[in-house]
Amino acid sequence: MPSNQSPLGALPARFRRQRVLIIGCGDVGLRASRAMQARAGAPGPRVLALTSSLDRVPELRAAGIVPLVGNLDDARSLRRLSGLATRVLHLAPPPGEAAAGAAWWRDGRTVALARTLRLRTPPAALVYGSTSGVYGDCGGAWVTEARPVAPSTPRAQRRVNAERAVRHLGRGPVRASILRIPGIYAPDREGGTPEARLRRGTPVLLAEDDVYTNHIHADDLARACVAALWRGRPQRVYHVSDASDMKMGDYFDLAADLYGLPRPPRLARQAAQEKLPAPLLSFMSESRRLDATRLRRELRVVLRYPTVTEGLRAR
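J.: What is the right way to read the pairing of strand S2 (residues 46-51) from this model?
T.: Residues in a regular strand project their side chains so that they alternate between the two faces of the sheet. Of all six residues making up S2, five are buried, and the element is well covered by its neighbours. Here S2 pairs with strand S3 (residues 66-69) via four bridges, running parallel. Across the sheet, threonine 51 pairs through a bridge with valine 69, a residue of S3. Considered for its hand, the β-α-β crossover made up of S2, helix H3 (residues 57-62) and S3 is right-handed.

Structure below.
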């Protein structure tokens with residue numbers, strides 16, 4: 001296509017590069033930026049990131065990222081984002097329950113972002129990082145992306161609302177894809193391994209009461225985010241999960257053995273309900289196994305850490 005017919009061809013050279021905007025540029029966002037900048041071949045995209053903290057500006061610049069100061073909770077501060085990026089990676093969580101108020105089920109942040117992106121030329125692609133918690137408890141069954149959502153917690157309800165806002169944006173020219181993400185771990189991630197919990201001696205459930213959990217190494221998640229930005233299909237959901245196929249207690253036993261620590265004590269579910277805090281119990285109340293066939297076949301992602309065994313050993 002001649003340059004004068006290309007949607008990027010009439011722009012100055014610095015704008016003809018792909019421009020990727022990261023919303024919620026924490027640990028995974030930084031890893032995704034590094035993955036994009038390390039791609040072989042043509043120069044990587046120009047990476048921009050929204051931040052609500054001036055303190056993070058030097059960190060983002062040091063990572064080769066252009067910081068943009070704004071706040072998802074202040075729609076007016078987002079206007080400068082419209083028409084700015086050719087691709088958007090949205091990793092910001094919904095507001096907490098207290099901030100959501102009466103609209104506890106709504107993710108006003110994603111709604112505000114979607115409205116902003118419609119103001120001018122929208123991005124070609126948007127990838128949203130959601131959670132596998134939108135399925136609720138599946139009784140340990142294998143789950144594909146075709147399974148209907150059944151959120152059982154307020155935070156999962158807000159994720160479903162965010163997914164709907166993303167899908168609505170994807171009805172236009174934006175190729176919107178959704179990643180449903182389980183537990184993220186990495187030895188070089190703050191709180192990214194079970195080691196601290198093992199040292200506290202926090203109990204897990206007896207085998208007969210235990211739940212299946214799903215995991216993904218932060219580096220593999222970052223690579224999946226990048227793959228989805230370029231290869232994700234429109235209105236498509238992808239599970240970003242490894243092939244561990246483990247119950248929660250077995251995961252902690254494995255980590256204890258690798259770290260040379262005592263295995264955690266086991267409790268019956270009824271005893272756990274009496275002794276453990278509600279947030280921890282909520283993760284012990286949902287059991288499912290994610291089928292990640294689409295991740296491999298459509299996004300063509302080959303995991304560097306196929307199971308938690310390889311990932312936890314890479315200390």
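J.: Quick question: what am I supposed to make of the environment of proline 194 here?
T.: On the secondary structure map, proline 194 appears in the loop between strand S8 (183-185) and helix H7 (195-200). Along the sequence, proline 194 and aspartate 253 sit 59 residues apart, while their C-alpha atoms lie 9.8 Å from each other. Beyond its immediate sequence surroundings of up to four residues, proline 194 is in contact with Tyr251, Phe252, Ala255, Tyr259 and Leu312.

J.: Got a minute to help me understand the nonpolar core in this structure?
T.: A general tendency of soluble globular proteins is for nonpolar side chains to be buried together. Counting 32 residues, the largest nonpolar core has Ile22, Leu89, Leu179 and Leu295 as the members making the most contacts within it. Counting only elements with at least two residues in this core, the list comes to strand S1 (19-23), helix H2 (27-37), S2, strand S7 (175-181) and helix H8 (218-231). Looking at this core, the element that brings in the most residues is H8, giving eight residues. Beyond its immediate stretch of four places on either side in the chain, leucine 179 contacts Val127, Tyr128, Gly129, Ser130, Thr131, Ala224, Cys225, Ala228, Tyr238 and Val240. Core analysis: the second largest hydrophobic core is formed by 24 residues, Ala92, Leu126, Ala162 and Leu169 among them.

J.: I tried to follow the packing of helix H5 (residues 108-117) against helix H6 (residues 154-169) on my own but got confused; where do I start?
T.: Helices that pack against each other are described as a pair by the angle of their axes relative to one another and the distance between those axes. Taken N-terminus to C-terminus, the directions of H5 and H6 make an angle of 10°; their axes are 9 Å apart at the nearest point. In terms of orientation, H5 and H6 fall into the roughly parallel class. Of the residues in H6, those in contact with Thr110, Val111, Ala114 and Leu117 of H5 are Asn161, Ala162, Ala165, Val166 and Leu169. Residues belonging to the contact of H5 with H6 are distributed by class as follows: seven nonpolar, two polar and no charged.

J.: What am I meant to see in the sheet that holds S3 here?
T.: Within a beta sheet, neighbouring strands are joined by backbone hydrogen bonds and run either parallel or antiparallel to one another. If you walk across this open sheet you meet the seven strands as S3-S2-S1-S4-S5-S7-S12, and the pairing is parallel. Single-partner strands in this sheet number two, and they are S3 and strand S12 (236-239). Within the sheet, the average angular offset between the axes of one strand and its neighbour, ignoring direction, is 20°. Looking at chain direction, S1 and S2 are connected through five bridges and run parallel. Across the sheet, the residue bridging to leucine 21 is leucine 48, located in S2.

J.: Can you help me understand the pattern of salt bridges in this one?
T.: Between side chains of opposite charge, a pair can form as their charged atoms come close. Following the criterion strictly, the structure yields 20 salt bridges and no others. Aspartate 219 is the salt-bridge partner of arginine 31, the closest N and O atoms lying 2.6 Å from each other. Taken together, the residues arginine 31 in helix H2 and aspartate 219 in helix H8 connect sequence positions 188 residues apart. For arginine 223, the salt bridge identified is with aspartate 220, shortest N-O distance 2.9 Å. One end of the pair, arginine 223, and the other, aspartate 220, are both in helix H8, three residues apart, so they sit about a helical turn from each other. With a relative accessible area of 21%, arginine 223 lands in the partly exposed category.

J.: When you look at H8 in this model, what are you seeing that I'm missing?
T.: Because the α-helix completes a turn every 3.6 residues, residues three or four places apart line up on one side. The end-to-end C-alpha separation of H8 is 19 Å, in line with the 20 Å expected for 14 residues at 1.5 Å each. Here H8 lies mainly inside the structure; 10 of its 14 residues are buried. Within the span of H8, buried status applies to Ala218, Asp220, Leu221, Ala222, Ala224, Cys225, Val226, Ala227, Ala228 and Leu229.

J.: Would you mind going over the side chain of serine 33 with me for this structure?
T.: Structurally, serine 33 can be placed in helix H2. Every residue in contact with serine 33, bar those within four places of it in the chain, is listed here: Ile22, Val47, Ala63 and Ile65.

J.: Sorry if this is basic, but what is going on with the packing of H2 against H8 here?
T.: Running from N to C, H2 and H8 cross one another at 60°; their axes reach a closest spacing of 8 Å. In terms of their interaxial angle, H2 and H8 are classed as oblique. Between H2 and H8 the crossing geometry is right-handed. Of the residues in H8, those in contact with Asp27, Val28, Arg31, Ala32, Ala35 and Met36 of H2 are Ala218, Asp219, Leu221, Ala222, Val226, Leu229 and Trp230. Per-class residue counts for the contact of H2 with H8 are 10 nonpolar, no polar and three charged.

Cut-offs applied
Residues numbered from 1 in each chain as written. Predicted model: local features only at pLDDT ≥ 70, side-chain atom pairs only at ≥ 80, totals over all residues. Heavy atoms only, no water. Buried < 20%, exposed > 50% of the residue type's maximum accessible area, 1.4 Å probe, protein only. Helix = DSSP H or I, 4+ residues; strand = E, 2+ residues; numbered from the N terminus. Pairing = 2+ DSSP bridges. Right-handed = clockwise from strand over helix to strand, strands pointing away. Contact = heavy atoms within 4.5 Å. Core = buried A, V, L, I, M, F, W, Y, C linked by side-chain atoms within 4.5 Å. Axes fitted to C-alpha atoms, helices over the stretch in contact; angles between N-to-C directions. Parallel < 35°, antiparallel > 145°, perpendicular 65-115°, else oblique. Nonpolar A, V, L, I, M, F, W, Y, C, P; charged D, E, K, R; others polar. Salt bridge = Lys/Arg side-chain N within 4 Å of Asp/Glu carboxyl O. Expected span 1.5 Å × (residues − 1). Left-handed = near helix turned anticlockwise from the far one by under 90°.

Read these as layout, nothing more, since geometry by itself doesn't imply function.
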